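# Inside the fold
Residues per chain are reported as follows:
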Amino acid sequence: MRRLTGFLFAAFLAALSLACVRSPYRPSTADGGSIYREACAPCHEGTGGHGLRGLDLTPRAVERRLRWGGRGMPAFPGIRGEARENLARYVAEMSRSRE
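Since the model is a prediction, treat every value here as computed from it, not as a measurement. (Residues numbered from 1 in each chain as written. Predicted model: local features only at pLDDT ≥ 70, side-chain atom pairs only at ≥ 80, totals over all residues. Heavy atoms only, no water.)

### Remarks on the pattern of salt bridges
Close approach of charged atoms allows side chains with opposite charge to pair. Summed over all chains, the structure comprises three salt bridges. Close ionic contact of Arg96 with Asp56 constitutes a salt bridge, the shortest N to O distance being 3.5 Å. One end of the pair, Arg96, is in the segment after α4 (81–95); the other, Asp56, is in the loop between α2 (32–44) and α3 (59–68), with 40 residues separating them in the sequence. A relative accessible area of 47% places Asp56 in the partly exposed class. The salt bridge involving Arg96 is made with Glu93; its shortest N-O contact spans 3.3 Å. Judged by relative accessible area, Glu93 falls into the exposed class, the value being 53%. (Salt bridge = Lys/Arg side-chain N within 4 Å of Asp/Glu carboxyl O. Helix = DSSP H or I, 4+ residues; strand = E, 2+ residues; numbered from the N terminus. Buried < 20%, exposed > 50% of the residue type's maximum accessible area, 1.4 Å probe, protein only.)

Structure follows, in structure tokens:
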């Protein structure tokens, strides 16, 4: 019984975390740099941020993370089409920088 309770509690926490990993952000532009500064930089830059430089990401990997989220990052379903492609290229290019 104790094991079942632990499993159910873990399942509840997993379901709760999945419900909370979507960002309502919708870009007002298709410019990748502008979207990055508005939606991404607050978490990925500055003190305590999860920097992206040096990770050597591909645009496809960035698009996948934007679409589905994961590893602590929320999904961004409001960033679609040309805006998502431009942001993915911008982030991939930035991730190749070592500075």
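Now that the structure has been shown, we can carry on.
### Overview of the environment of Glu63
Along the chain, Glu63 falls in helix α3. Sequence spacing of Glu63 and Ala88 is 25 residues, and the spatial spacing of their C-alpha atoms is 5.6 Å. Not counting chain neighbours up to four residues away, the residues in contact with Glu63 comprise Arg84, Glu85 and Ala88. (Contact = heavy atoms within 4.5 Å.)

### Some points on the packing of α2 against α4
It is the contact of α2 with α4, at a shortest axis distance of 8 Å, that shows an interaxial angle of 80°. In terms of orientation, α2 lies roughly perpendicular with respect to α4. Contacts between α2 and α4 involve Gly32, Gly33, Ile35, Tyr36, Arg37 and Cys40 from the first element and Ala83, Asn86, Leu87, Tyr90, Val91 and Met94 from the second. Its residues assigned to classes, the contact of α2 with α4 comprises eight nonpolar, three polar and one charged. (Axes fitted to C-alpha atoms, helices over the stretch in contact; angles between N-to-C directions. Parallel < 35°, antiparallel > 145°, perpendicular 65-115°, else oblique. Nonpolar A, V, L, I, M, F, W, Y, C, P; charged D, E, K, R; others polar.)

### Comments concerning the confidence of the model for the protein
With 74% of its residues at a pLDDT of 70 or more, the protein has an overall mean of 81. The least confident element of the protein, judged by mean pLDDT, is helix α1 (residues 2–19) at 56; the most confident is α3 at 95. Contacts of residues 15–20 to residues separated by more than four positions or lying in other chains number zero contacts, the stretch itself having pLDDT below 50. (pLDDT = per-residue confidence, 0-100.)

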